[in-house]
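Remarks on the overall topology
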Amino acid sequence: MKRIAPTLACLILVLMITATIEASTAQNGRYVDAQGHIYIIKNGKLRTGYFYYHGKLYYGHRTGSKKYPKGSCTAGDMRIRNGKWYAFDVYGRRIEKDQYRIKGRNRKILVLDIRHKNKTVRYIYGTTRRTLGTRYSTAEMRMQEEDTFGRWRTIEGMPFLPDYVDMQK
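Every value quoted in this text rests on a predicted model; they were computed, and no experiment measured them.

**Some words on the sheet that holds strand S2 (residues 38-42)**
- Pairing is antiparallel across the open sheet formed by 3 strands, whose spatial order is S1-S2-S3. The open sheet has two edge strands with one neighbour each: strand S1 (29-32) and strand S3 (45-46).
- Direction of pairing for S1 relative to S2: antiparallel, over a ladder of 4 bridges. The residue bridging arginine 30 from the neighbouring strand is isoleucine 40, located in S2.

Spelled out as structure tokens, the structure:
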């Protein structure tokens, strides 16, 4: 009995230390729920608003809706902040470089034109057969089409926001 007591005490101490370490690390990190919503937790609290995580900009929602529950990050959409457009990839990170789509074996089609200075979206290009040769200007908030000489002209109409802009707070 005298030999078992110190061994048992050491075992209990090791289990307590392990549980403490696991609890402290479980309060920080990036989590994805069953529906695919991304959450960033720091010190046991959901991150909301614009914030940086591992050097990348994210946006966590302050309110809840059907599309984005409270605390979940914008993913695969765009957000407008102070008149500047930011695009977020499907992992919730801000897109910082031009994005292309591969067509065929050797052709790339520009999808997102990103300003390299402040990492905001300048143009969103149409990539389907129906929308090829068109783009959306974030400055004018209107569609533009390319003429036969490669010049872009704005299509007449009211300014509008596409449905892939996340306006939720």
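**Thoughts on the sheet that holds strand S13 (residues 152-154)**
- If you walk across this open sheet you meet the 6 strands as S8-S9-S10-S11-S12-S13, and the pairing is antiparallel. The two strands at the open ends of the sheet, each matched to only one other strand, are strand S8 (99-103) and S13. Across the sheet, the axes of successive neighbouring strands diverge by a mean angle of 30°, strand direction being ignored.
- By the bridge criterion, 3 bridges tie strand S9 (residues 107-114) to strand S10 (residues 121-125) in an arrangement that is antiparallel. Paired with aspartate 113 across the two strands is tyrosine 123, which belongs to S10.

**Focus: a positive patch on the surface**
- The grouping of Arg101, Lys103, Arg107 and Arg129 at the surface amounts to a positive patch.
- Position of arginine 129 relative to the elements: it lies in the loop between S10 and strand S11 (134-137).
- Residue classification places arginine 129 among the exposed positions, given a relative accessible area of 84%.

**Things to note about the nonpolar core**
- Within the largest apolar cluster, 10 residues are counted, these being Met78, Trp85, Ala87, Ile95, Leu112, Ile114, Val121, Ile124, Tyr136 and Val165.
- Secondary structure elements with two or more residues in this core: strand S7 (84-87), S9 and S10.
- Counting 6 residues, the second largest nonpolar core, distinct from the first, contains Ile38, Ile40, Tyr53 and Tyr58.

**Points about the packing of aromatic side chains**
- Applying the stated criterion across every chain yields a total of 8 aromatic pairs.
- With centroids separated by 5.8 Å and ring planes inclined at 10°, the aromatic side chains of phenylalanine 51 and tyrosine 58 adopt a geometry described as stacked.
- Assessed through its relative accessible area of 4%, phenylalanine 51 is described here as buried.
- The exposure class assigned to tyrosine 58 is buried, which follows from its relative accessible area of 4%.

**Focus on the pairing of S9**
- Examined bridge by bridge, S8 and S9 share 5 bridges and lie antiparallel to one another. The residue bridging isoleucine 102 from the neighbouring strand is lysine 108, located in S9.
- Counting the residues between successive antiparallel strands, the hairpin from S8 to S9 contains 3 residues, one of them, glycine 104, with a positive phi of roughly 75°.
- The antiparallel pairing of S9 with S10 creates a hairpin that spans 6 residues between the two strands, and lysine 119 there sits at a positive phi of about 60°.

**Some thoughts on the side chain of aspartate 89**
- Relative to the assigned elements, aspartate 89 resides in the loop between S7 and S8.
- When sequence neighbours within four positions are dropped, the list of residues in contact with aspartate 89 reads Thr74, Ala75, Gly76 and Ile95.

What counts and how
- Residues numbered from 1 in each chain as written.
- Predicted model: local features only at pLDDT ≥ 70, side-chain atom pairs only at ≥ 80, totals over all residues.
- Heavy atoms only, no water.
- Pairing = 2+ DSSP bridges.
- Helix = DSSP H or I, 4+ residues; strand = E, 2+ residues; numbered from the N terminus.
- Axes fitted to C-alpha atoms, helices over the stretch in contact; angles between N-to-C directions.
- Patch = residues over 30% accessible without salt bridge, like charges linked within 9 Å, V, L, I, M, F, W, Y side chains within 5 Å.
- Areas by Shrake-Rupley, 256 points an atom, 1.4 Å probe, with all protein chains shown as cover.
- Salt bridge = Lys/Arg side-chain N within 4 Å of Asp/Glu carboxyl O.
- Lys, Arg positive; Asp, Glu negative; His and termini not counted.
- Charge placed at Lys NZ, Arg CZ, Asp CG, Glu CD.
- Buried < 20%, exposed > 50% of the residue type's maximum accessible area, 1.4 Å probe, protein only.
- Core = buried A, V, L, I, M, F, W, Y, C linked by side-chain atoms within 4.5 Å.
- Phe/Tyr/Trp six-rings, centres within 6.5 Å; stacked < 30°, edge-to-face > 60°.
- Contact = heavy atoms within 4.5 Å.

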